[in-house]
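Residue-level listing of the chains:
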Amino acid sequence: MTMENANLNPDAPVTRGSSGVMPAMPPKSGRRQRRSSILPRTSSMAVARRSSVAKMTSTTQNRRATISYDFNPFEADLLEYDDEDVQDPGQHQSRAANVERLMPDSRKSIVCHNVESNRRQSAIGRDLNPFKAPAIEDDNDASDTEPDDNINFSHLPSGRRPSVMDLNGKLVDIPISLPSKDPKKPQQKPSEEMKKDSRSVIAAGVQCIKLVTSVALVIFSVVVVMAAIFTRQTGAASYSIPPWAACVVFWALIMWLAAMEGGQGCLVGLQPVSREAYSATHPKTVKNTNMAHCGDNMERFIVGRQFLVVLVVFLVNTMGAAVPGANVLGLPEGVALVFLGSGLAMILTTIVLGQLTSQVNAATCMLDFTNSYFMFYFITCASLVVEYSGLLHSVYLVQMMFSAVTGNPIETNEVSKSAIQKFFFWGRALMSLVVLGFALAITIEALFAEKTTMWTGVPGWVSVVILFALMGFVGITEGMQIAFFAVLNMPEEELAKHPVAQANADLTFRGQNLQAFLIGRQMVSASGMFVVARIMTLNYDEGDTVFGFSESFQTFLNTGLLNAVVTTIVASLMWRIVASSFPVAFLSNPCINGIIRLCFLLDGLGVCSASWVFARWIKVLVGYQPDEVYLEGAKRHTSDPVTRSDRDVDRAITIIKYVASMMLLAFSVVVVMCLIFTGQTGAASFGIPTWATFFVFWFLIFWLAMMEGGQGCVVGLSPIEKIKYMQSHPKTFKNTSIVHKGDNMERFIVGRQFLTVLVIFSINLMGAAVNGAKVLGLSEGATSLFLGSGLAMIMTTIMLGQLTSQVNAASCMLDFINNNFMLYFVTYMSLLVEFSGLLHSVYLVQMIFSKFAGKPIESNEAPRNFLQNTFFWGRTLVSLVILCFAFAVTIEALFTEKTTMWKGIPGWVSIVILFVLMIVVGIMEGIQNALFAVVNIPEPFLQVHPIAYANCQLAFKGQNLKAFLIGRQICAASGMFVIARIMTLNYSGNETVFGFSESVQTLLNTGLLGAMITTIVASLIWRIIASSFPIVFLSNPIVYIIIRLCLLLDGAGVCSAAWVLARFHKLLVGYQPDKVYLEGAERHTSAPATKREKDIDTTLTVIKYAASMGLLFFSVVIVMATIKSKSTQLSSVVHPLFAGVSFFLLLMWLAMMEGGQGCLVGLQPVIKDLYTKSHPKTLTNTSLVHKGDNMGRFIVGRQFLVVLVVTLINMCGSAAPSTQVLGLPKGVLAVFVDSGFAMIIATIVLGQLTTQVNAANCMLDFINNYFVQYCVIYVSLLVEFSGLLHSVYFVQILFSKITGQKIQSNEPPRNFLLSVFFWGRVLMSLAVLTFALVVTFTALFVGKTTMWKGIPGWVSVLILISLFCFVGMLEGMQIALFTVANFPEEKLKTHKIVHANCELVFRDQNFQAFLIGRQILAATGMFVVARIMTLSYDSGDSIFEFSPGFQGFLNTGLLGAVITTILASLIWRVLASSFPIMFLANPIIYIIIRICLVLDQTGVCSSAWLLALINKQVMGYQIDEVYIGTPEERRSDSIA
């Protein structure tokens, strides 16, 4: 569902053609289409811009996975692979499935071998700028680009183009295109990439954040409103309405409002559609449209419906608006004031659930939406009855008056009224005027008497003024839409005569602004209606009345009915008439521009974006289909995403699932670990130390993971020729050779199943909480949920011990089992368990069912001889004896309540629960076998068994099989844990069962017997039954319920964290898909290879953005609080306001320097004639810097300025020791304040990365200002000219002599005077540098710097020198890497360390990540250096007995900036460029690169990308290609 297709406006007729736009139907003969000023003009959500008011709905073909090659739930992603996600569409490979039915009996298994699609690899040479990479990333990471934005309709015939209804009721085609008018920027032919409608990953991530935040906000609002209702803190309590009744009425009103909001758009939009086209499929829709489209009924319907909407809003306000002073849920006072006092919670609930959600679906599913009796009786009929009553007939008088003023007759579809009809009409009109006057009189009287629900403390006359101002405001928003559509096709020349109206129209019709305005207008209008209702609703207490009316009549007035009349006429319908009669004059109101921008802001905030999420759920749940499905025979929609909005919603839901699941898993692990280390698990009863329990627990989890993944691998590899991987995977070859020999596969599965159950029993023993356990101070409810029920341990085991390994084992089988652990602890152990005969009783059951089914047991081995038979049956008998013994012991323990079963449950109840659970778990174990057994049974045969057929239809529908298998895994594992809890013996002390010895009892307490019972009775037997009688098995009605439960569990995403962990595990261990080894496919890298992997990466990206934004906001608040408390070096001597302003001014200066350098360097190869006219200040800047050797001078001077500004920022924001702010804990203060971390984060994000992101792509716009010219370029050149840094040139000359490489120059050689001046400045620079070092080291040794206290001077000096080297290496690494980027591979290979460093940096996207991480590290190092070197001499104290004035100058950090610029930056750059190989041969470089990569991956500064996006929108930056084209275009045009 895209925003372009949704009908969020109730005033929304939409005409649709081939792709969602219905062909226009000519008006019936003999009638004229009525020109109504009240009738709405077009769909608000079907309008995207002035040149494209209606848009086509794009539908993608629904993908249905076939059962024949999608059995593995963790492999299905590869089948769902979306071309746009990772690879080019043209390279998409067809998929082949190799499915074999290996054994027709209980040993049946279905093996899939999937061929994955190709991967993309990025080349390092194409993108050396780390901030350019996300600019062209695709937004549509879930499916193909849909043509629902920026559609060119020129290829469509006139009758097939989208159209709108003009003011005369005629359908007109929209213009194909409108010329772009922007005199400030030259019009360039857009490149192919610019033509693509794609958002950056950041923009897509921002949309996800909006959706997730909005959903959370709406849920919170609903909870708050319900809490207010059930605590009797709403207006309903004053009417003595019980809370439950108020709740029912509230939601009934919301549903009624939703049906009205969506219904009007449907009835208006279906006007041009022939009713014969849907009379058979939608009889109730026909009934609605027959009534509404008859004569002038449409206008009558809209008038009556508008009143009903306002009335419902008033009633919702009565039911849900909180009384003054209300508070619920213990909310802080500020939160309660925002959500309850202002009514925000109720307004959000109503707008999202009662308006926008229904309008989204009604925009494209008009036929389905109105196909109900509710719509007919409660909306269509009710609206017409309201209009017929005459309450609102005064609006027709206004209509007639404006018709007379404008000279435009009122058109009608009905014959002239008879005398009686006229009398009846005018009688109702007069009655309406009387009612309106009466209502106004009562309302004004009540306001002056302060007898309304208006906020207390507001004088009556102020309330009246506010009321009429609000009604005027709401009325303007109602009329604006009508006026905009009225001027839609007005000639440009005529509109140009009215500059204010033209400016408003141009602003609204620009790009996607009209869509944003209409959504924001809906929010503004609805919010205004609620405030009007709050002001106007009467609030007379019992015994108090207005004008002395009776109490019963006063109760009627208190309902708000008369107020709804006033609001409908005065704040809505009248303004629509004015706007349609005088549209240009209406739009010439200067206030319109402010309202438009307010609407843009509201839409941009995405506060009501949740409506798209709820609309998507409702559409899937109710089964709404787009109109073209019925009218044009289009393909039906499924749950698969169709539009960008659908994908945004799905992405948001996916993010919610992943985040919630990860949080649940992390919390569960913490809870289990706390239980273990506090000795509150079953392990303590065995005297096992906590540290040993910890290691045993995680070993069991790892063992379980290897068994769960390993079985899938050995089964899946059975059809693969072993010679293909014998050399590459020798241990895998050994595993498969053993398991695939003879009937070992069946033996392996039997033994592994017992091991799995035994491990689960053991995990339960190690991690299950004892009765009464409490950790972390959890509430009773949380303790009962996570500890008492064992949920924490179950979640930990399922996600870490089962699903995660199964995800990777599904596609990386060869790598997964290529280890000795799999060989010895899984393969050998499973076969050994089976050989022991413990489980041989299951073979007896297998033989019995083989006889019943008449199917021989197939085998890959020769018949057993006499000795083998004797040994087999001996073990079978032993197994039966042990099974019976196990049952006897367990049942005895249950009856005597000597198990770990929850206390208070009688023994016989425990036994019943146990057997029910074993049956349910067994059915789940068998369903999978039964489904695979019937997969190739002909459908007609299945249809003979209706229940089995229904179960198969449900399981095999769409992606349900995958979802069922995952849900089944969760259910089965949870059941196993509960069974383990019930069956594990708990005899303590000298107590034993049947008088056994204590040692035997200890063995029995381990759960060995319980594991045996569970394996046979709750697993293997049911598998045999299911494979022997699959049809009978699936004919059990309980199977349907279990399938539904499994689908629900998978849909809930409770274990979605497994996919995230599997993604990390795969990257960490280096697993590769099997096709890499078997087919020579490209190796997988960190880039996503499947849709799910990209979803995970998107989730992590969104989390990074959100966390980084939170961290940045928190850091800025801390820095400001520190400055306000006068705890920084600068704020302690000047006013904190001056220090705070200086801090942000310095950040802005730093930002312009950081971005400016990249622009000036990047524009060097661009011919200046291309931007001479469009960017004159940019031309001035580049002409100056690119002249001669000025670029080198600028870089030297700018580097000093950067270091100096960082030093000054440190003075402004760095906190003094032991600073206390905001009442933060000591740990938080140590991290954010004492270490300077908050200031560093604020500086890096706001002062460096944000501007560098935009400067990378918008170089021309970025430096097209005087600030860069005067405050960056001139100051940098002046600093360099001063000679302070000329000593670096001495170093450069020295290295030039050593290497024998001449220093390149764009200027002629210096003459004698210039040489004297140059060397004089070099000597002066060396002297200043020496003086600075002496001063700094002296201050360090005497402890007179801002270095952290308690560190000796000599240690400070060592740290400083080390930091110089560290920061210097960071500065030089970038230069060295750029220098060797084009070196021959052979030359690099001769230097192993250099080659390793280059391999690491230039692998995939590592170079980009390195540059960003390097920036963070270098900036952090600069701050620490500034902290160490900044002098801190108090007044009256000085170094070398200098004067106080000179000492104050030294305290500024100027000398430290000189030292840092030369010794920690420029010298290292010279060294790196002179000896790049030697520089990169340092082993420390490799460690630094790794640190940089980790820093980038943490996303600590990801907020810079989001802020850059906002900054780009605010400043109006355009990418350089807009002005000068791409390099390819320039070359093709022979420009460059």
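Residues numbered from 1 in each chain as written. Predicted model: local features only at pLDDT ≥ 70, side-chain atom pairs only at ≥ 80, totals over all residues. Heavy atoms only, no water.

1. Quick notes on the overall build of the chain
The condition that has to hold: Going along the chain from the N terminus, every DSSP run of H or I of four or more residues is numbered as a helix, and every run of E of two or more is numbered as a strand. Think of it in three bands: with a 1.4 Å probe and only protein chains considered, a residue is buried below 20% of the maximum accessible area for its type, exposed above 50%, and partly exposed in between. Note on definitions: a residue-residue contact is assigned when non-hydrogen atoms from the two residues lie within 4.5 Å. The protein chains shown are the only cover counted for residues, whose accessible areas, like all others here, come from Shrake-Rupley with a 1.4 Å probe.
Looking only at helices and strands, one finds 64 helices and two strands in the chain. When each of the 1536 residues of the chain is scored for burial, the buried share is 56%. Of the contacts made within the chain by residues no fewer than 6 positions apart, 84% connect residues no fewer than 24 positions apart. Surface exposure of the chain reaches about 62900 Å², of which carbon and sulfur atoms provide 65%.

2. Here's the deal with the packing of aromatic side chains
For any two aromatic rings, the description comes down to two numbers: the centre-to-centre distance and the angle of the planes. Just so we agree on the cut-off: Whether two aromatic rings pair depends on their centres lying within 6.5 Å, for rings of Phe, Tyr and Trp, where Trp uses its six-membered ring; planes under 30 degrees apart make the pair stacked, over 60 edge-to-face, and the rest tilted. In our convention, an over-ring charge means Lys NZ or Arg CZ found within 6 Å of a ring centre and within 35 degrees of that ring's normal.
Counting across every chain of the model gives 53 aromatic pairs. Through a chain of ring-to-ring contacts, three or more aromatic side chains come together here, namely Phe438, Phe547, Phe549, Phe553 and Phe556. Here the guanidinium or amino end of Lys417 rests over the ring plane of Phe425, the centre of that ring lying 4.9 Å away. If you follow Arg1092 out to its NZ or CZ, it ends over the ring of Trp1059, 3.7 Å from the centre.

3. Some details on the confidence of the model for the chain
Spelled out, the test is: A score from 0 to 100, pLDDT tells how confident the predictor is in each residue.
Across the chain, the average pLDDT comes to 80, with 86% of residues at 70 or higher. The spread of mean pLDDT over the elements of the chain runs between strand β1 (residues 163-165), the lowest at 31, and helix α31 (residues 820-836), the highest at 95. Segment residues 1-197 is flagged for pLDDT under 50; beyond a separation of four residues in sequence, or across chains, it makes 558 contacts in the model.

4. Some points on unusual backbone geometry
Despite not being glycine, Leu776 has its phi angle at roughly 60°, a positive value. Residue placement: Leu776 occurs in the loop between α27 (744-767) and α28 (780-788). With relative accessibility at 52%, the residue Leu776 sits in the exposed group.

5. A short note on helix α18 (residues 551-558)
Turn by turn, an α-helix covers 3.6 residues, leaving residues three or four places apart pointing in a common direction. Our working rule: What the arc measures is the spread of directions leading from the helix axis to the C-beta atoms.
All of the buried residues along α18 are Gln554, Leu557 and Asn558. What you see down the axis of α18 is that its buried residues fit within an arc of 100°, all on one side. Turning to α18, the residues buried within the fold contact α13 (419-448) and α19 (561-581). In the stretch just after α18, Gly560 is the one whose phi turns positive, near 95°.

6. Structural notes on the pattern of salt bridges
The line we're drawing: Note on definitions: salt bridges are taken to be side-chain nitrogens of Lys or Arg within 4 Å of carboxyl oxygens of Asp or Glu.
The final tally for this structure, using the stated rule, is 18 salt bridges. Here Asp650 ties to Arg616 by a salt bridge, and the two come within 2.7 Å at their closest N and O atoms. Highlighted residues: Asp650 in helix α24 (residues 644-677) and Arg616 in helix α22 (residues 610-622), separated in sequence by 34 residues. Residue classification places Arg616 among the buried residues on the basis of a relative accessible area of 8%. Here Lys898 and Glu991 are joined by a salt bridge, their closest N and O atoms 2.8 Å apart. Placement of the pair is Lys898 in the loop between α33 (866-895) and α34 (907-933) and Glu991 in the loop between α37 (960-983) and α38 (998-1005), with a sequence separation of 93 residues. Overall, the relative accessible area of 35% leaves Glu991 in the partly exposed class. Several salt bridges share partner residues, and in doing so they unite Arg1063, Lys1066, Glu1093 and Asp1097 into one network.

7. Quick word on the nonpolar core
The condition that has to hold: As used in this record, nonpolar core signifies buried Ala, Val, Leu, Ile, Met, Phe, Trp, Tyr and Cys residues forming a set joined through side-chain atoms within 4.5 Å.
Of all hydrophobic cores here, the largest spans 145 residues; its most connected members are Ile763 and Phe964. The greatest single-element share of this core, amounting to 14 residues, is contributed by α37. Apart from residues no more than four positions distant in its own chain, Ile763 is found in contact with Phe697, Leu700, Ile701, Leu704, Ala768, Met793, Thr797 and Phe977. By size, the runner-up hydrophobic cluster in this structure holds 111 residues, among which are Ile1240, Val1288, Val1425 and Tyr1523.

8. Notes on α37
How we decide: For a helix, the expected span equals 1.5 Å multiplied by the number of residues minus one.
Here α37 contains 24 residues, and its C-alpha end-to-end distance of 33 Å stays within 8% of the 34 Å for a straight helix at 1.5 Å per residue. The element α37 is extensively covered by neighbouring structure, given that 22 of its 24 residues are classed as buried.

9. With respect to a nonpolar patch on the surface
Quick note on the threshold: Patch members must show over 30% relative accessible area and no salt bridge, and they are joined within 9 Å when carrying like charges or within 5 Å when they are nonpolar side chains of Val, Leu, Ile, Met, Phe, Trp or Tyr.
Residues Phe895, Trp908, Val912, Val916 and Val920 make up a contiguous nonpolar surface patch of roughly 480 Å² in combined accessible area. No other element matches α34, which puts four residues into the nonpolar patch. Position of Trp908 among the secondary structure elements: in helix α34. Given the relative accessible area of 56%, Trp908 is considered exposed.

10. Describing the environment of Phe586
Mapped onto the secondary structure, Phe586 falls in helix α20 (residues 583-587). For Phe586, a relative accessible area of 9% corresponds to the buried category. For the pair formed by Phe586 and Ala483, sequence separation is 103 residues and the distance between their alpha carbons is 7.0 Å. When sequence neighbours within four positions are dropped, the list of residues in contact with Phe586 reads Gly475, Ile476, Gly479, Met480, Ala483, Trp575, Val578, Ala579 and Ile592.

11. Thoughts on the packing of helix α54 (residues 1353-1380) against helix α59 (residues 1454-1474)
Keep this limit in mind: Note on definitions: angles span 0 to 180 degrees between N-to-C directions of axes, and those axes are lines fitted to C-alpha atoms, for helices only across the stretch in contact. Working rule for angles: under 35 degrees goes down as roughly parallel, over 145 as roughly antiparallel, 65 to 115 as roughly perpendicular, anything else as oblique. Two helices cross in a left-handed way if the nearer one is turned anticlockwise from the farther one by less than a right angle. They cross in a right-handed way if the turn is clockwise. Three categories are distinguished: nonpolar for Ala, Val, Leu, Ile, Met, Phe, Trp, Tyr, Cys and Pro, charged for Asp, Glu, Lys and Arg, and polar for the others, with Gly belonging to the last.
Viewed as axis vectors pointing N to C, α54 and α59 meet at an angle of 30°, and their least axial separation amounts to 7 Å. In terms of orientation, α54 lies roughly parallel with respect to α59. The chirality of how α54 crosses α59 is right-handed. Where α54 abuts α59, its residues Phe1364, Cys1365, Val1367, Gly1368, Met1369, Glu1371, Gly1372, Ile1375, Ala1376 and Thr1379 lie against Ile1459, Thr1460, Leu1463, Ala1464, Ser1465, Trp1468, Arg1469, Ala1472 and Ser1473. Residue composition of the contact of α54 with α59, by class: 11 nonpolar, six polar and two charged.

12. A look at the environment of Met401
As for its position among the elements, Met401 is in helix α12 (residues 394-406). Through-space distance from the C-alpha of Met401 to that of Ile577 is 10.0 Å; in sequence the pair is 176 residues apart.

13. Regarding the environment of Leu664
Tracing the sequence through the fold places Leu664 in helix α24. A sequence separation of 128 residues divides Leu664 from Ala792, and the C-alpha atoms of the two residues are 8.4 Å apart. With residues up to four places along the chain from it excluded, the contact list for Leu664 reads Phe786, Met795 and Val1054.

14. What to know about the packing of α13 against helix α14 (residues 460-486)
Where α13 meets α14, the closest approach of the two axes is 7 Å, and the angle between their N-to-C directions is 135°. Regarding the angle of α13 to α14, the classification is oblique. In contact with Leu440, Thr443, Ile444, Leu447 and Phe448 of α13, α14 contributes Gly460, Trp461, Ser463, Val464, Leu467 and Phe468. Here the contact of α13 with α14 is built from residues that sort into eight nonpolar, three polar and no charged.

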